[in-house]
Amino acid sequence: MEENDDFLSSPIVFVDSSPSSSEDENDAVSLHSTSKRLDYMLQFLDRKLSVDHGGNTSNASPLPEFEAKGGGTGMFKVPVRAAVHANRPPKLELRPQPLRETQKGCFLRTMVSTESQLWAGTECAVRLWNFNNLYSAASAGQGVGDAETAPFRESVSTSAVMCLVGDEGNRVVWSGHRDGRIRCWSMDSVTAPFKDCLSWQAYRGPVLSLVISCYGDLWSGSEGGVIKIWPWEAIEKALSHTIEERLMSSLLVERSYIDPWTQVAVNGFTNVLTWDVRYLLSDSSSAKVWSAGYLSFALWDARTREVLKVFNTDGLNENRVDISLAQELPVELISGAKKDKIQSSFGFFQRSRNALMGAADAVRRVAVKGAFGDDNRRTEALVIAVDTMIWTGCTNGLLVQWDRNGNRMQEFHYHSSAVQCFCTFGLRIWVGYASGTVQVLDLDGNLLGEWVADNCPIIKIATGAGYVFTLANHGGICGWNITSPGPLDSIVRSELAGKEFLYTRIENLKILTGTWNVGQGRASQDSLISWLGSVASNVGIVVVGLQEVEMGAGFLAMSAAKETVGLEGSSVGQWWLDMIGKTLDEGSTFERVGSRQLAGLLIAMWVRHNLKAHVGDVDAAAVPCGFGRAIGNKGAVGLRIRLYNRTMCFVNCHFAAHLEAVNRRNADFDHVYRTMTFSRLNYLNCAAATASSAVQLLRGTNAIGNNSVEGMPELSEADMVIFLGDFNYRLDGISYDEARDFVSQRCFDWLRERDQLRVEMTAGNVFQGMREAEITFPPTYKFERHQAGLAGYDSGEKKRIPAWCDRILYRDSRSALVSECCLGCPVVSSISRYEASMDVTDSDHKPVRCIFTLDIARVDESIRRQELGDILESNGKLKCMLEELSKIPETIVSTNKIILQNQDTSILRITNKSGQKDAFFKIICEGQSVIKEDGHASDHCPRGSFGFPRWLQVTPAAGIIRPDHIAEVSVHHEEHQTLLEFVDGVPQNCWCENTRDKEVILVVKVHGRYTNNTKSHRVCVRHCCPASTKQREPHEHDTRQTQGTALLRSNFQHLSSSYDVVDHLWGMNSP
């Protein structure tokens, strides 16, 4: 189906950021936001004036630097940054990416939208955002990790939330939890933290999936293929009770479930499904429910709750139960001890059979795939589009389209990464991938656009208020215009970039880095104070790299063995960490945030307490370069952090030794730069590990992908990279005595010309594009231990030539195009000190230190969010486009009154009068009532999620109406006279439905392609029971009258306007 993008631009009418709290609170927040805008503007002007007059923004004069050739191209190109990303649509940062360390125990795991709110489930609570606060400034006291998040409310503490589903009919949201409970939350809760209004224990294991069927029943799925259906009648009764009665209500609901697998269905299926029920989907257009695991699907009748079809990911039907087995066992409803005995024996037999069949099915799949491993075609996401087609996404990136009957139609493959989630709106399908990519497809599967939405997997997508919200694995939530990609993007991007100075803040700090080859020795406290403690008083971050902490063949072999099982570190390494921490006053002034050891290499980082809130996402890496790139006697260890939302990498290296090994050293650097892959220090404690199986798979593929032609090294994506260590580059073309003479005379200029590293950097062979401050200290290698002064250079038999082996180099965000600190060049650094601690004699190397002075440009997301709201509200061109796209196509409904008797069918016609725009409709049941004896209807009570009563079938209940076309909807009365009450999944009681006449209010909700706003047409449907009809009108039961009460297709050919009704029919059939 082609999509007409002739006027693709804007979403629905955006709502104002009107206050939801008190006026005083709102005024305070507004005043604070205005004050910050002014501060940023003044800061911008000050920097402009300073740059224009050739001034320096830092207090101290920076040292002169040498820059290596070869930068600016390939993997050494500075990553592109901008105020607004040029290669993706502008986004609304509802919740900016939080630091991982602030989210322990409270990661966001899932998300769902309602008409007016966005709900998210965390590891410890439920939170909600009102759409009228999308552009509001962050509220005070929102907690660590949410300082710039749009205002939200959070529930009391709960177990981890696994799934969410909204129920607009009753203004509640249902949540399934890891502890097996199902909880109900009111959308209108005003307290903070708010409490659930109903909860019960559904499973012993986690609740993996929830959905509300078109008949209002709540379906839930868990491990081992277990599905439970919670009838709306039981839930409705519980919700109607007072708070004091809720405990008893919860117990009654808990036992009211229906287990659809306990009985052998007439279709001949049994519970052959042993996979976890990870996905549930309601198809209201055909009154079906889909349940799915990784490799299999089941299709259910939402009305009868019977399984219709079981099939696998290839579309092949699964095994059926032997019909003779079903015939051997009594299935009629009986009571008492005999019933319990039969059900018990049948249950045991069935469970045994299911286990065997499940095992056989697993063996069959393995045989088909050819290996015992993860199936790369397993299902990771499921969604239904407006044209009633079902879409599934697979681990290998495959997109599969199914019809409503479970027939596999076609497949598409646009991305190699795993599909994580889907969302549909209008004629578009949004796909989120484990790589962080988002794609937009039309209903025919054609790719309309794609972009990298985040740097980690997109695990959930939802729509609301004109946005498509994406939840990333790190917990950040972004809103993308519902029309993206489209012309609106360029307008908003340009306007937002023009206001960069209003939401840009420049942060200043200093970083102390130090490197020391300790030669398997241990330092005194005085040495550490001389090296680090004496200059750490005014720095915010300290990074230390050590080499040769511990060596020896036995230790290296043990270290390599530990690395293979994910272990690292040693007692000697811990001694160094403790000693340096003591020197830095760890605990009172600094806090160690990360470290990594590979054999004799050790890197560690300490952060000052007042900066800790802005530093996080600490990752570590190690790359061995010795003995076939397998042993860590040579190699590198690294740490990566996020500082003020900028990525910084620190790499401690020890390269090949000896004067002639220049090419090996160059190769060591190239290997480290290309292959260094960072991973989390404490991944076992991270919620993201359980977000999806495909997320774990992605980590493995990333490590390979970084070496591919397509992938860029992770170091290339950092805003700043600092290399430090014993690079082992020597002095060429000079003798020992000559070098000693030049050093004693401090003639370092001539010596620098002989420096191998400087020569290789000039030729562009190593450290391409990186900078080093001018060296003004003597060579740091090689010395006799415990001999002070320059007389301590090696005077032994080998008389190694002095050399600057120990170095510190860096690359920031500057490029040939921009060098001033801004959002396009977010990290600008200079070096204020670069020196060696020549008085330290504990090793044959001297320790080196370097102090960087950084300017970091960061976005105040709270201010930018407000600016985006102002742009959408004040820009005339955008407002015009918004108004145009917010128009709802004109539609008419053929009648507003329908009368049905037993198994009658009426055809309801919905006409799209627009000549250009598609109309989208959805039919809901606003409520059901019973006709009183006086002929009037009682109050209409809605079912779950505006579901239909069981005696009414509306097909299709949703769809598309093309311009100048008519949709025909069948309104059919189903014979459903007997209701069953279930206790613990077993039917206990049955009774006849009320024989009095009933009435429901159907609402036909119509909206346009890019708007959630709807126009509603109400249709009153009344069911007249035959007995009551006979009692009132016994003489009018002829064939003609029966046809009159069932409004057939031919009756509507001449209707052309909304509410064009044959009123006398209503009069004749009304009681």
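Okay, so let's go over this structure. Bear in mind that the values here come from a model prediction, so they are computed numbers and not experimental data.

### A short note on helix α17 (residues 861-874)
When the terminal C-alpha atoms of α17 are compared, their 20 Å separation across 14 residues agrees well with the 20 Å that a helix rising 1.5 Å per residue should span. The buried fraction of α17 is high, at eleven of 14 residues. All of the buried residues in α17 are E861, S862, I863, R864, R865, Q866, E867, L868, G869, I871 and L872. Put simply, D860 is the residue that caps the front of α17, since its side-chain oxygen is 3.2 Å from the backbone nitrogen of S862.

### Regarding helix α2 (residues 232-239)
Residues spaced three or four apart along an α-helix face the same direction, because each turn holds 3.6 residues. Taken together, the buried positions of α2 are occupied by W232, I235 and A238. Each buried residue of α2 lies within a common arc of 125 degrees when the element is viewed along its axis, so the set occupies one face. Contacts from the buried residues of α2 go to β7 (161-167), β8 (172-177), β10 (198-201), β12 (218-221), β13 (227-230) and α3 (246-254).

### Digging into unusual backbone geometry
Note the cis peptide between Y781 and K782, where omega equals 0 degrees. Omega for the bond connecting T955 with P956 falls within 30 degrees of zero, at -10 degrees, which places this linkage in the cis form. With respect to the helices, strands and loops of the structure, P956 is situated in the loop between β46 (952-955) and β47 (958-961). The phi dihedral of N645 is positive, around 65 degrees, even though this residue is not glycine. Its place among the elements puts N645 in the loop between β34 (631-643) and β35 (646-654).

### Digging into the packing of aromatic side chains
For the structure on display, the rule yields 37 aromatic pairs. With centroids separated by 4.3 Å and ring planes inclined at 40 degrees, the aromatic side chains of F669 and F767 adopt a geometry described as tilted. With F669 in helix α12 (residues 662-675) and F767 in the loop between α16 (756-762) and β38 (771-773), this residue pair connects regions lying 98 residues apart in the sequence. Each member of the pair, F669 as well as F767, carries the same accessibility label: buried. Taking the centre distance of 5.5 Å and the plane angle of 80 degrees together, the rings of F723 and F767 count as edge-to-face. In this pair, F723 sits in strand β37 (residues 720-726) while F767 sits in the loop between α16 and β38, placing the two residues 44 residues apart along the sequence. Note on accessibility: F723 and F767 belong to one class, buried. The rings of F76, F655, F669, Y673, F723, F727 and F767 are connected pair by pair, giving a single aromatic cluster.

Cut-offs and rules
- Sequence order as written defines residue numbering, which begins from 1 separately in each chain.
- Per-residue local features are limited, in this predicted model, to residues with pLDDT of at least 70; the limit for side-chain atom pairs, both in listing and counting, is 80 or more; totals at the level of whole chains, interfaces and linings are taken over all residues.
- For the side-chain quantities, the full set of heavy atoms in the structure was used; hydrogens and water were omitted.
- Only runs of H or I of at least four residues qualify as helices and only runs of E of at least two qualify as strands under DSSP, and these elements are numbered from the N terminus.
- Every helix has an expected span of 1.5 Å times one less than the residues it contains.
- Buried, partly exposed and exposed residues are distinguished by accessible area as a fraction of the type maximum, computed with a 1.4 Å probe on protein chains only: under 20%, between the cut-offs, and over 50%, respectively.
- Here a polar contact is taken to be a pair of N or O atoms separated by no more than 3.5 Å, where protein atoms must pair a possible hydrogen donor with a possible acceptor and residues adjacent in sequence count only if both atoms sit in side chains.
- To be clear, the arc concerns the directions from the helix axis to the C-beta atoms.
- Contacts are residue-level and defined by heavy atoms, with any inter-residue pair within 4.5 Å sufficient.
- Centre distance within 6.5 Å is the pairing criterion for rings of Phe, Tyr and Trp, where only the six-membered ring of Trp is used; planes under 30 degrees apart are then read as stacked, over 60 as edge-to-face, and the remainder as tilted.

Interpretation note: all reported values are geometric properties and have no functional meaning in isolation.
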